[in-house]
Amino acid sequence: MLNVLVMSSDGYEDCWKPFSILYNKYFPNIYKTYIVTETKTCPYFDTIKKTGAWTKRLKEALQELDSEYVLLMLDDYFIHDKVDLERIKETLRLFDDKTA
């Protein structure tokens with residue numbers, strides 16, 4: 001239903017470990033999480049390797065996901081508090097509500 005897609009770049013490899021530590025601490029790991037980078041493999045998330053402009057890489061990565069919804073994150077925006085998972089679930093329910 002929902003995948004998390006973290007946009008990154010080989011040059012931001014030094015952000016991956018602190019991002020993953022905070023992500024795992026504050027965001028319950030119930031959604032499949034991917035990271036997009038050019039050539040390097042991230043040891044913390046499933047890696048999608050794409051080259052070219054940032055927007056091109058994003059578009060191609062989105063086409064690889066089999067989820068109806070995607071939560072887009074950036075690897076240098078660090079989570080610093082507990083993520084309200086119920087709010088995310090409620091938002092998804094609103095998207096799925098066909099009567100609205």
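In case you missed it, the structure is sitting above this.
Computed from a predicted model, the values in this text were never measured in an experiment.

**Q** Explain the packing of aromatic side chains to me, using residue names and the numbers behind them.
**A** For the coordinates displayed, the defined rule picks out 6 aromatic pairs. Both rings, one in F27 and one in Y31, keep their centres 6.3 Å apart while their planes meet at 85 degrees; by these two values the pair is edge-to-face. Members of the aromatic cluster, connected to one another through ring pairs, are F19, Y23, F27, Y31 and F45.

**Q** Any chance you could break down the pattern of salt bridges for me, citing the residues and the numbers?
**A** Enumeration over the complete set of coordinates arrives at 7 salt bridges. Note that K50 is salt-bridged to E64, the shortest N-O span being 2.5 Å. Of the two residues, K50 is situated in the loop between strand 3 (46-49) and helix 2 (54-64) and E64 in helix 2; the sequence distance between them amounts to 14 residues.

**Q** I'd like a description of the environment of K40, backed by residues and values.
**A** Along the polypeptide, K40 turns up in the loop between strand 2 (32-37) and strand 3. Considering only alpha carbons, one finds K40 and F95, 55 residues apart in sequence, at a separation of 35 Å. If we skip the residues at most four places from it in the chain, K40 touches D10, E13, W16, T47 and K49. A distance of 2.7 Å separates polar atoms of two side chains, one belonging to K40 and the other to E13.

**Q** Tell me about helix 1 (residues 13-26), and please be specific about residues and values.
**A** A rise of 1.5 Å per residue sets the reference length of helix 1, with its 14 residues, at 20 Å; its end C-alpha atoms lie 21 Å apart and thus fit the reference within 8%. Turning to helix 1, its buried residues are C15, W16, F19, S20, Y23 and Y26. On the buried face of helix 1, the contacting elements are strand 1 (2-7), strand 2 and strand 4 (69-74).

Rules used in this analysis
- Residues numbered from 1 in each chain as written.
- Predicted model: local features only at pLDDT ≥ 70, side-chain atom pairs only at ≥ 80, totals over all residues.
- Heavy atoms only, no water.
- Phe/Tyr/Trp six-rings, centres within 6.5 Å; stacked < 30°, edge-to-face > 60°.
- Salt bridge = Lys/Arg side-chain N within 4 Å of Asp/Glu carboxyl O.
- Helix = DSSP H or I, 4+ residues; strand = E, 2+ residues; numbered from the N terminus.
- Contact = heavy atoms within 4.5 Å.
- Polar contact = N/O pair within 3.5 Å; in protein donor to acceptor, adjacent residues only side chain to side chain.
- Expected span 1.5 Å × (residues − 1).
- Buried < 20%, exposed > 50% of the residue type's maximum accessible area, 1.4 Å probe, protein only.

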